[in-house]
Amino acid sequence: MSAISLRNIIEVLKKYVNSRKKPLKIILIGGLALHYYGMQGRTTIDIDAEVTGDIEPLLKFLKRKNIPADLGEEIGRWSTINMPSGYKKRAITIYKEGRLMVKVLNPLDFIISKLRRFTEEDFEDALFVVNKYKLKQKDIESTAKRAIKSSPKDITILAFKKNLKYFLKKI
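Quick caveat, the model's predicted, so the values are computed rather than measured.

Take the packing of aromatic side chains next. The description of an aromatic ring pair uses the distance of the two centres, along with the angle that the planes make with each other. Under the counting rule described, the total for this entry stands at 8 aromatic pairs. With 5.0 Å between their ring centres and 70° between their planes, Y37 and F110 make a pair best called edge-to-face. With Y37 in helix 2 (residues 31–37) and F110 in helix 5 (residues 107–117), this pair connects stretches of sequence that are 73 residues apart. Across the pair, exposure class does not vary: Y37 and F110 are buried alike. Connected via pairs of aromatic rings, a cluster forms that spans Y36, Y37, F110 and Y133.

Structure, rendered in structure tokens:
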């Protein structure tokens, strides 16, 4: 499996949209978002994204191109901890032409998406974005509180809060 870049994936998505003649809105949330944020040397071999519209044809298209993808309609629900409400409106448009619109999460929402899973790589990714955008602890805490408020009451909230506390100590 070879690494993919943001530029390459936009070209692939343009071909997909042109072949289907239907609009595609996609919010990138993984390594490809980090490419946009400016993380040098971060490789990724897949696409992690929220897609508006019919996902199956896109998955098949990407599979024919040997590009693995984790796609869903609502990334806000990919964890017990929901994304803060309004994350779609805050997403940053990084490419728009014809029927294709590519976005990335707002940096604060990206941090929350990483703290929900919180692997070592997620921690490093979130730390990079905090430093790059000089994000403040109080803003991260406020965004995390909105995420918790929109989430079902579950034991995983305790783990999320511990991850958040640990992360805030490290920045």
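Bringing the pairing of strand 3 (residues 69–72) into the picture now. The sheet contact formed by strand 2 (residues 47–52) and strand 3 spans 4 bridges and is parallel. Bridging across to strand 3, A49 finds its partner in L71. Viewed along the sheet, the connection from strand 2 through helix 3 (residues 55–64) into strand 3 turns out right-handed.

Summed over all chains, the structure comprises 10 salt bridges. Note that R42 and E121 form a salt bridge whose closest N and O atoms lie 3.5 Å from each other. With R42 in the loop between helix 2 and strand 2 and E121 in helix 6 (residues 120–133), the pair connects residues that are 79 residues apart, well separated along the chain. Here E121 falls in the partly exposed class, since its relative accessible area comes to 41%. Linking D122 and R117 is a salt bridge whose minimum nitrogen-to-oxygen distance equals 2.7 Å. Overall, the relative accessible area of 2% leaves D122 in the buried class. A relative accessible area of 56% means that R117 is categorised as exposed. Through salt bridges with shared partners, a single ionic network connects R42, K114, R117, E121, D122 and D125.

Over its 15 residues, helix 1 (residues 6–20) extends 21 Å from the first C-alpha to the last, a length consistent with the 21 Å expected when each residue adds 1.5 Å. Considered for burial, the residues of helix 1 that qualify are L6, I9, I10, V12, L13, Y16 and V17. Along helix 1, the residues classed as buried sweep out an arc of 160° about the axis, all on the same side. Set apart from the buried face of helix 1 by more than 90 degrees, the exposed residues are R7, K15 and S19. Buried residues along helix 1 sit against strand 1 (24–28), helix 2, strand 2, helix 3, strand 4 (92–97) and strand 5 (100–104). Backbone geometry just after helix 1 places K21 at a positive phi near 60°.

Cut-offs used in this document
Residues numbered from 1 in each chain as written. Predicted model: local features only at pLDDT ≥ 70, side-chain atom pairs only at ≥ 80, totals over all residues. Heavy atoms only, no water. Phe/Tyr/Trp six-rings, centres within 6.5 Å; stacked < 30°, edge-to-face > 60°. Helix = DSSP H or I, 4+ residues; strand = E, 2+ residues; numbered from the N terminus. Buried < 20%, exposed > 50% of the residue type's maximum accessible area, 1.4 Å probe, protein only. Pairing = 2+ DSSP bridges. Right-handed = clockwise from strand over helix to strand, strands pointing away. Salt bridge = Lys/Arg side-chain N within 4 Å of Asp/Glu carboxyl O. Expected span 1.5 Å × (residues − 1). Arc of directions from axis to C-beta. Contact = heavy atoms within 4.5 Å.

Purely geometric numbers; function is a separate question.
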